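Structural characterization, general
One letter stands for each residue in the lines below.
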Amino acid sequence: MKRLIKLTILLLTCFVSSSVFAASVNVSATSSNVYVGDTASFKVTVVAGTWNLNVSGAASDKIVGFDMDGNVTTNKTYAVDTSKPGTYSISVTGDITDYDTDKNSAISKSATITVSARPNNPTPTTQPTTKPTTTRTTTKRVTTQTPAQVQQTPVVVEEPTTVVVEEPTEVVTTETVINVTKIKVVGYDFQFDPNKYVYDLRVGTDVDELYVMVDGEDIEVEGQGIVDIRDKNSFTITAKRGDASVEYKFNLLRGSVLGVSEVSNNAVLGFKKALITLSLVTLLITCISLYYFVINKKSI
C-alpha cells in the first residue's frame, strides 16, 4: 500500500510540472496601413508537428512539412508591392497536427494591408509686391557765349532731363495654413492630431452610419455630418481654404477581435488540466483513506 501511495504522488508531481504546447498558426502584417512607397510585408508563423498549408492572395505559396521529434516553429515572410494604392490580403488555409496530442486542426486565417496615397501638402501662393518708383530730376547747365562767339558757334541749350529709376521687385511667398483643430466621430474615441492623416476606426458589423463633426478656423469641410458607411471600408474628410486642401482618411475595421480562437483553445486545455489534477488528488485521498481503514479494521 505504501508503494502505491508513493507511485501516485510521483505521477501527480510529474503531471503538474509538465507543460502543454498546442499547435497553432499566426498570420500578421508589419502594419495594417502604410503609404505608397513604404516597406510592408506579411508573416506566417506555424507551430506544429505536421503541417499542410496553402498561401493565396497577395502571395502564393505552400507550407508543407513534418518533424519526428516534436512541435517545431516555421516562419515565412512575404513582401508587399506598395508602388500604388490599394488593399492587399493573404489567406492561409489547410490543416496542422499537434505532435503531443496527435490532434488535427483545420486552419483558415488572413491578414490585410491598406496602401494609401500620401496626403497633399498645402500649396503656397505667391503675391507680387511692386515698389514705388523714384523720380529724379537732373538739370544740365546752359552755356552762354559772347556776341563774337555767337557768330562762330551756336548756343547750346539743354533742357532738363527726367531719369526714372525703378527699384527691384521683390516676390513675397505666403503659405496657406489650413487649421483643423478637431475631428470627432460621435460615439467613438480616438486621439486626433492635425498632422496625422490616416486613422483606424473599429466599428460593429451592423453599423451603417456615423456622425462626424469638424472644428477649424476659416475652412470649408466636405464629408462631415451624417456619413453613410454601408458596404464601405473607409471614408474621408476634406478641409479646404482657398486653393489649398488637406484630406483625413478613416479606415473602418469590422469583425471579431483577433486571437479569440487561440484564447479559447488555451482555456479548454487549462480546464482539462485542472480537471485531471483534481481527479488524481481525489484518487490519492481515497487510497490513503482506504489504507487507514484497513489498518484500523485489523487492529479491531
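This paragraph deals with the overall build of the protein. If you tally the helices and strands in the protein, you get 3 helices and 19 strands. Scored against the burial criterion, the 300 residues of the protein give a buried share of 23%. Counted over contacts in the protein with a minimum sequence separation of 6, partners at least 24 positions apart contribute 61%.

With that out of the way, let us pick up the sheet that holds strand 2 (residues 33-35). Ordered by their spatial adjacency, 5 strands build an open sheet running 2-8-7-4-5, and the pairing between neighbours is mixed. Since the sheet does not close on itself, it has two edges, and those belong to strand 2 and strand 5 (61-66), each with one partner. Averaged over all pairs of adjacent strands, the angle between strand axes in this sheet comes to 20°, irrespective of strand direction.

Across all of its chains, the model carries 5 salt bridges by this definition. Put simply, aspartate 218 and arginine 241 hold a salt bridge, and the shortest N to O gap is 3.6 Å. Of the two residues, aspartate 218 sits in the loop between strand 15 (209-217) and strand 16 (220-222) while arginine 241 sits in strand 18 (residues 234-241), which places them 23 residues apart along the sequence. Judged by its relative accessible area of 59%, aspartate 218 falls in the exposed class.

With that settled, consider the nonpolar core. If you look at the biggest cluster of nonpolar residues, it comprises 23 residues, and the most contacted ones within it are Val25, Val44, Val46, Leu53, Ile63 and Ile96. Those elements that place two or more of their residues in this core are strand 1 (24-29), strand 3 (41-48), strand 4 (50-57), strand 7 (86-97) and strand 8 (104-116). Those residues in contact with valine 44 that sit more than four places away from it in its chain are Val25, Asn26, Val27, Ile63, Thr74, Asn75, Lys76, Tyr78, Ile90 and Val92. Counting 22 residues, the second-largest nonpolar core is a separate cluster that includes Leu210, Val214, Ile237 and Val246.

Time to look at the confidence of the model for the protein. Detailed reading of the predicted coordinates is not advisable wherever pLDDT is low. Taken residue by residue, the protein gives an average pLDDT of 80. The fraction at 70 or more is 69%. Confidence drops under pLDDT 50 across residues 14-20; counting only partners more than four residues distant or on other chains, this segment forms 7 contacts. Low pLDDT, under 50, characterises residues 256-265; the stretch is placed with 2 contacts to residues that sit more than four places away or in other chains.

With that out of the way, let us pick up the sheet that holds strand 16. Strand order across the open sheet formed by 4 strands is 14-19-18-16, with mixed pairing between neighbours. A strand with exactly one partner marks an edge of an open sheet, and here the two such strands are strand 14 (198-202) and strand 16. Between one strand axis and the next, the sheet turns by 20° as a mean value, whatever way the strands run.

Further remarks concern the packing of aromatic side chains. Following the criterion strictly, the structure yields 8 aromatic pairs and no others. Relative to phenylalanine 250, the ring of phenylalanine 190 has its centre 5.5 Å away and its plane inclined at 75°; by these criteria the two rings are edge-to-face. You can see phenylalanine 190 sitting in the loop between strand 13 (179-185) and strand 14 and its partner phenylalanine 250 sitting in strand 19 (residues 244-253), a full 60 residues away along the chain. With relative accessibility at 1%, the residue phenylalanine 250 sits in the buried group. The interplanar angle of 5° and the centroid separation of 5.1 Å between the aromatic rings of phenylalanine 235 and phenylalanine 250 together place this pair among those described as stacked. Pair noted here: phenylalanine 235 is in strand 18 and phenylalanine 250 is in strand 19, with a separation of 15 residues, a long-range link. Here the two residues phenylalanine 235 and phenylalanine 250 agree in accessibility, since each one is buried.

Judged by side-chain polarity, Val186, Tyr211, Met213 and Ile226 come together as a nonpolar surface patch covering roughly 380 Å² of accessible area. Among the secondary structure elements, isoleucine 226 is positioned in strand 17 (residues 225-228). For isoleucine 226, a relative accessible area of 60% gives the class exposed.

Rules used in this analysis
- Residues numbered from 1 in each chain as written.
- Predicted model: local features only at pLDDT ≥ 70, side-chain atom pairs only at ≥ 80, totals over all residues.
- Heavy atoms only, no water.
- Helix = DSSP H or I, 4+ residues; strand = E, 2+ residues; numbered from the N terminus.
- Buried < 20%, exposed > 50% of the residue type's maximum accessible area, 1.4 Å probe, protein only.
- Contact = heavy atoms within 4.5 Å.
- Pairing = 2+ DSSP bridges.
- Axes fitted to C-alpha atoms, helices over the stretch in contact; angles between N-to-C directions.
- Salt bridge = Lys/Arg side-chain N within 4 Å of Asp/Glu carboxyl O.
- Core = buried A, V, L, I, M, F, W, Y, C linked by side-chain atoms within 4.5 Å.
- pLDDT = per-residue confidence, 0-100.
- Phe/Tyr/Trp six-rings, centres within 6.5 Å; stacked < 30°, edge-to-face > 60°.
- Patch = residues over 30% accessible without salt bridge, like charges linked within 9 Å, V, L, I, M, F, W, Y side chains within 5 Å.
- Areas by Shrake-Rupley, 256 points an atom, 1.4 Å probe, with all protein chains shown as cover.

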